[in-house]
Amino acid sequence: DAKMMRTLFLSEQPNLSRKYGRYCINHTRSSIIIDQNIKFFSLYQFNKGIKLRVDGMLIKPIQRLTRYHMFLSSISKTCKELGFVEASKDFAAACDSILSAASHTNTMMWIGKMENCPLDLSGQGQLLKHGQVLTRSLAGSPKKGRKWSTSSLKPSSCHLFLFQQTVVLCRTSENCEEQNNPHLYYAGHISVNQVRVRDTVGEDQNTFEVHKLEHVKVAVMEETNTSKSKSDTKSGVIMRLECQSEEDKDDWVRAINNEVKQLRYMARNLSSLTYLLTE
């Protein structure tokens, strides 16, 4: 049933992207461990009479996505040749969902190669957005009542990642083997629940700042029971980022703010529930 196959793969695409994406980050890390201990694993394989090397076993789940793609692409082409146009479109749509999941897993494998990262990236939630940015020096931050321009500061090329729980910034360098995937070097991160975004900096419409909140108050019961409840009290600039265009900057600001609002909404609900349970 072509329509059922289409519905199945389209509905499962988010789950496939999440599960395979997390697996791919861990696969990259496991590959490094295997390379460092290849003699041990080779000896274990020989002693146990295992035909396939451990790295060959670990790549099998990732290869399954490729097989899905080959199967759906082939059956879509066959249906088209036989004149079953609607069925061909349904299988093609299912194939597109697999290609989207495969593209996401490739990205996660690339992220898994990030050097010197102190975070467990597989535990930061779904990757929501990523892209190239330029970082501006934090020296000479603007003072109140005074415009500040970034034109005199030399930017450096970086890559920004927005996960559900964390914003991660990486420095990049050219990768001769994979030109579309530069080498990533961890530069910094901030938890989404501590983020405040300033969407314009001085006269530069393409630049935004990521501030870290020092004192975050999100509990509903505090706000309702205290008539003069104060909001976030202190913040400091963590990242000053320049995008390729104002539209790109607006997309980043919107994406980060949406995730901040969602996390704080969840925190308020949990706080409210905890308050009710303790009553």
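These figures come from a predicted structure and were not determined experimentally.

Would you mind going over the layout of surface pockets with me for this structure?
To find leftover empty space, a probe the size of one water molecule is rolled over the atoms. In this structure, the largest pocket spans a volume of roughly 310 Å³. For the largest pocket, the lining is made up of 13 residues, of which Trp 110, Lys 113, Glu 115, Asn 175 and His 183 are closest to its centre. At the level of secondary structure, the elements contributing two or more residues to the lining of the largest pocket comprise α1 (2-36) and β4 (183-191). Of the residues that constitute the lining of the largest pocket, the class distribution is five nonpolar, four polar and four charged.

Explain unusual backbone geometry here, please?
Trans is the common state for peptide bonds, and a negative phi is the common state for residues other than glycine. Positive phi, normally seen in glycine, also occurs at Asn 116, with a value near 65°. Checked against the element boundaries, Asn 116 lands in the loop between α4 (85-111) and β1 (127-135).

Quick question: what am I supposed to make of the pattern of salt bridges here?
Two side chains of opposite charge can pair, provided their charged atoms sit close to one another. This structure, assessed with the given rule, holds nine salt bridges. Here Arg 6 and Asp 90 are joined by a salt bridge, their closest N and O atoms 3.1 Å apart. Residue Arg 6 is located in helix α1, and its partner Asp 90 is located in helix α4; the two are separated by 84 residues in the primary sequence. By relative accessible area, Asp 90 is classed as buried at 4%. Taking the shortest distance from any N to any O, the salt bridge between Glu 209 and Arg 198 comes out at 3.5 Å. Of this pair, Glu 209 sits in strand β6 (residues 207-213) while Arg 198 sits in strand β5 (residues 195-198), and the two are 11 residues apart along the sequence. Overall, the relative accessible area of 34% leaves Arg 198 in the partly exposed class.

Even after reading the chapter, I still don't get the environment of Gly 236, so can you show me in this structure?
By the secondary structure assignment, Gly 236 is in strand β7 (residues 235-242). Separated by 26 residues in the primary sequence, Gly 236 and Val 210 have C-alpha atoms spaced 8.4 Å apart. Not counting the four nearest positions on each side in its chain, Gly 236 is found in contact with Val 210, His 211 and Lys 212.

Help me understand the pairing of β6 in this model?
Extensive coverage of β6 is indicated by the burial of six of its seven residues. Where β5 meets β6, four bridges bridge the pair, whose relative direction is antiparallel. For Val 195, the partnering residue across the bridge sits in β6 and is Lys 212.

For this particular structure, what's the right way to read the nonpolar core?
Most often, soluble globular proteins keep nonpolar side chains buried together rather than apart. Of all hydrophobic cores here, the largest spans 19 residues; its most connected members are Val 133, Leu 160, Phe 208, Met 239, Leu 241, Trp 252 and Ile 256. Those elements that place two or more of their residues in this core are β2 (156-163), β3 (166-173), β5, β6, β7 and α6 (246-278). The element contributing the most residues to this core is α6, with four residues. Residues contacting Val 133, with those up to four places away along its chain left out, are Ser 156, Ser 157, Cys 158, Leu 160, Leu 169, Leu 241, Glu 242, Cys 243 and Trp 252. Counting residues in hydrophobic clusters, the runner-up holds 17 residues, among them Cys 24, Ile 25, Ile 111 and Tyr 186.

Is there a simple way to explain the side chain of Thr 166 in this structure?
Position of Thr 166 among the secondary structure elements: in strand β3. Among the polar contacts listed, one links the side chain of Thr 166 to the side chain of Gln 124, at a separation of 2.4 Å. Setting aside residues up to four positions removed in sequence, Thr 166 forms contacts with Leu 119, Gln 124, Phe 161, His 189, Ile 190, Ser 191 and Val 192.

Explanation requested: the packing of aromatic side chains in the structure shown.
A ring pair, where both rings are aromatic, is described by two values, the distance of the centres and the angle of the planes. Applying the stated rule across the entire model yields three aromatic pairs. Consider the rings of Phe 40 and Phe 41, whose centres lie 5.4 Å apart with planes at 75°: the pair is edge-to-face. You can call Phe 40 exposed: its relative accessible area is 55%. Judged by its relative accessible area of 25%, Phe 41 falls in the partly exposed class. Above the face of the Trp 252 ring, Lys 129 is positioned so that its terminal group lies 4.9 Å from the ring centre.

What is the right way to read the environment of Leu 184 from this model?
You can see Leu 184 is positioned in strand β4. Beyond its immediate chain neighbours, meaning those up to four positions away, Leu 184 contacts Trp 110, Ile 111, Lys 113, Met 114, Glu 115, His 159, Phe 161, Cys 170, Arg 171 and Thr 172.

Hey, could you run me through the environment of Ser 137 in this one?
As for its position among the elements, Ser 137 is in the loop between β1 and β2. The sequence separation of Ser 137 and Arg 240 amounts to 103 residues, and the corresponding C-alpha distance is 7.2 Å.

Conventions adopted
Residues numbered from 1 in each chain as written. Predicted model: local features only at pLDDT ≥ 70, side-chain atom pairs only at ≥ 80, totals over all residues. Heavy atoms only, no water. 1 Å grid on protein atoms, 1.4 Å probe; cavity = no way out; pocket = protein on both sides within 12 Å on 5 of 7 lines; lining within 4 Å. Points joined across faces, edges and corners; volume = space filled by probe spheres on them. Helix = DSSP H or I, 4+ residues; strand = E, 2+ residues; numbered from the N terminus. Nonpolar A, V, L, I, M, F, W, Y, C, P; charged D, E, K, R; others polar. Salt bridge = Lys/Arg side-chain N within 4 Å of Asp/Glu carboxyl O. Buried < 20%, exposed > 50% of the residue type's maximum accessible area, 1.4 Å probe, protein only. Contact = heavy atoms within 4.5 Å. Pairing = 2+ DSSP bridges. Core = buried A, V, L, I, M, F, W, Y, C linked by side-chain atoms within 4.5 Å. Polar contact = N/O pair within 3.5 Å; in protein donor to acceptor, adjacent residues only side chain to side chain. Phe/Tyr/Trp six-rings, centres within 6.5 Å; stacked < 30°, edge-to-face > 60°. Lys NZ or Arg CZ within 6 Å of the ring centre and 35° of its normal.

Coordinates in, geometry out; function isn't part of it.
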